Amino acid sequence: MENVLRPLIVLGGSVVLTLLVGWLADLLLRRADARHPETPLWDLLRRCRLPLQLVLLIGLLRGSYEQIAWQIIEEHEVGIGRTLTVLLIGAGAWLVVRIASAAVETTYTRYAAATRDPARVRRVRTQVTLIMRIVTAVVGVVAIAAMLLTFPDFRAVGTSVLASAGLIGIVAGVAAQSTLSNVFAGFQIAFGDMVRIGDTVVVDGEWGVVEEVTLTFLTVRTWDERRITMPVSYFTSKPFENWSRGGAQITGTVFFHLDHAAPVGLMRERLRELLAESPAWDGRGWSLVVTDTTPSTMLVRAVVTAKDADDVWTLRCAVREELIAWLYAHHPYALPRVATTTAPDRDDDRGTREDRRSDGDRGPRDDHRGDADRR
């Protein structure tokens, strides 16, 4: 009877206690979140319920599994103990990462709510993202090292591994030179404020928005929803355009090739009316001038401003479309024209050449003979 009750008490008690503690922790966090709605910390900590229950359950089993008087457990007592220890370390690392993520995300949320500068918010967001990746990597490495140290064989090899660490470090540094350069470039981007999540950039002729920044690569989402993944070392070694640097406001241009008779003054007035009606125009400035001429056309440039790259693209397309439609409807002579002449018909051209040839064959003698006949 004891062989049946003891395992039930150990296993059932561990499960019941784990569920009870998880329920109580979630209840307390919900009440704390209701009392303090200004911070999302307590709601984010509720995501730690599952790893907390795993840590508690595995810890209880690790401390009480020897009390189960089963033959299979007695025969594999050491292996079961090491397995539970490894699982406990893994669950503990998961819990630490969840707690750190909740704290970091809470700090970023409160900073974003208190700061009105979008550039600073994007910079902090980029830094917070990279910091969380670093914390996750460090916790993972420490957890794996702790798991390996639970095995005596690895502890015995530890001395020789440390003795050759210098040589291994040199070889690894040479072999992973590209990876290490990307890692250091990631730190430089995060804390050097070169490019941030949400910035509008132009790289290799592609226009897009920075969507993700890691320690080794950076993802740019283009206007047609493609993703361009590039190593972060690209942004520290090659020039690129950052339209969000120093502010999101931007100026756009629209060019028109028109006839020399185009009414530039009326176009200027029409552009002013279009901008006044457009919600994409931020009101900072505009202009319309003739910037160049050719023997057949002149180049007219319209300049408009907007609060960000998306609005300036929309505004440029609208100005181009509306002005061309207005010229076509009211001033069609202003549109560029190509001067052409009618080509002669092939048969007419052949007859003309034969007439010219016959006139050329008639010499002076034929002309005198004709004069004599007339006399």
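Residues numbered from 1 in each chain as written. Predicted model: local features only at pLDDT ≥ 70, side-chain atom pairs only at ≥ 80, totals over all residues. Heavy atoms only, no water.

**Description of the side chain of Asp26**
Looking at where Asp26 falls in the secondary structure, it is placed in helix H1 (residues 2-35). Among the residues examined, Asp26 registers a relative accessible area of 7% and is labelled buried. Beyond its immediate chain neighbours, meaning those up to four positions away, Asp26 contacts Arg46 and Arg49. (Helix = DSSP H or I, 4+ residues; strand = E, 2+ residues; numbered from the N terminus. Buried < 20%, exposed > 50% of the residue type's maximum accessible area, 1.4 Å probe, protein only. Contact = heavy atoms within 4.5 Å.)

**Some details on the sheet that holds strand E6 (residues 250-258)**
The strand order across the open sheet built from three strands is E6-E8-E7, with neighbouring strands paired in antiparallel fashion. Here the strands that pair on one side only, and so sit at the sheet edges, are E6 and strand E7 (286-293). Strand after strand, the sheet turns through a mean of 25° between neighbouring axes, direction not considered. Sheet topology places E6 next to strand E8 (residues 298-306); nine bridges connect them, and they run antiparallel. Residue pairing for E8: His257 is matched across the bridge by Leu299. Against the sheet, helix H11 (residues 264-277) touches E6, E7 and E8, its axis set at about 145° to E7. Lying on the sheet, helix H12 (residues 309-330) is in contact with E6, E7 and E8; it crosses E6 at an angle near 20°. (Pairing = 2+ DSSP bridges. Axes fitted to C-alpha atoms, helices over the stretch in contact; angles between N-to-C directions.)

**Looking at H11**
An α-helical segment advances 3.6 residues per turn. Residues three or four places apart therefore align on the same side. If you check H11, its first and last C-alpha atoms are 20 Å apart, about what 14 residues at 1.5 Å a residue would give, namely 20 Å. Packed against the buried residues of H11 are E6, E7, E8 and H12. (Expected span 1.5 Å × (residues − 1).)

**Quick notes on the confidence of the model for the protein**
Of the residues in the protein, 72% have a pLDDT of 70 or more, and the chain-wide mean is 77. Confidence over residues 362-375 falls short of pLDDT 50; this stretch has one contact with residues more than four positions distant or in other chains. (pLDDT = per-residue confidence, 0-100.)

**Observations concerning the nonpolar core**
One broad trend across soluble globular proteins is that nonpolar side chains are buried collectively. With 21 residues, the main nonpolar core has Met267, Leu288, Val319 and Leu323 as its most contacted residues. Residues within four places of Met267 in sequence aside, it is in contact with Leu258, Leu288, Val300, Leu323, Trp326 and Leu327. One finds Val201, Val203, Ile228 and Phe235 within the second-largest nonpolar core, a separate group that totals 15 residues. (Core = buried A, V, L, I, M, F, W, Y, C linked by side-chain atoms within 4.5 Å.)

**What to know about the environment of Val97**
Mapping Val97 onto the fold places it in helix H5 (residues 77-114). With 38 residues separating them along the chain, Val97 and Val135 place their C-alpha atoms 7.4 Å apart. When residues no more than four places from it in sequence are discounted, the contact partners of Val97 are Met132, Thr136 and Val139.

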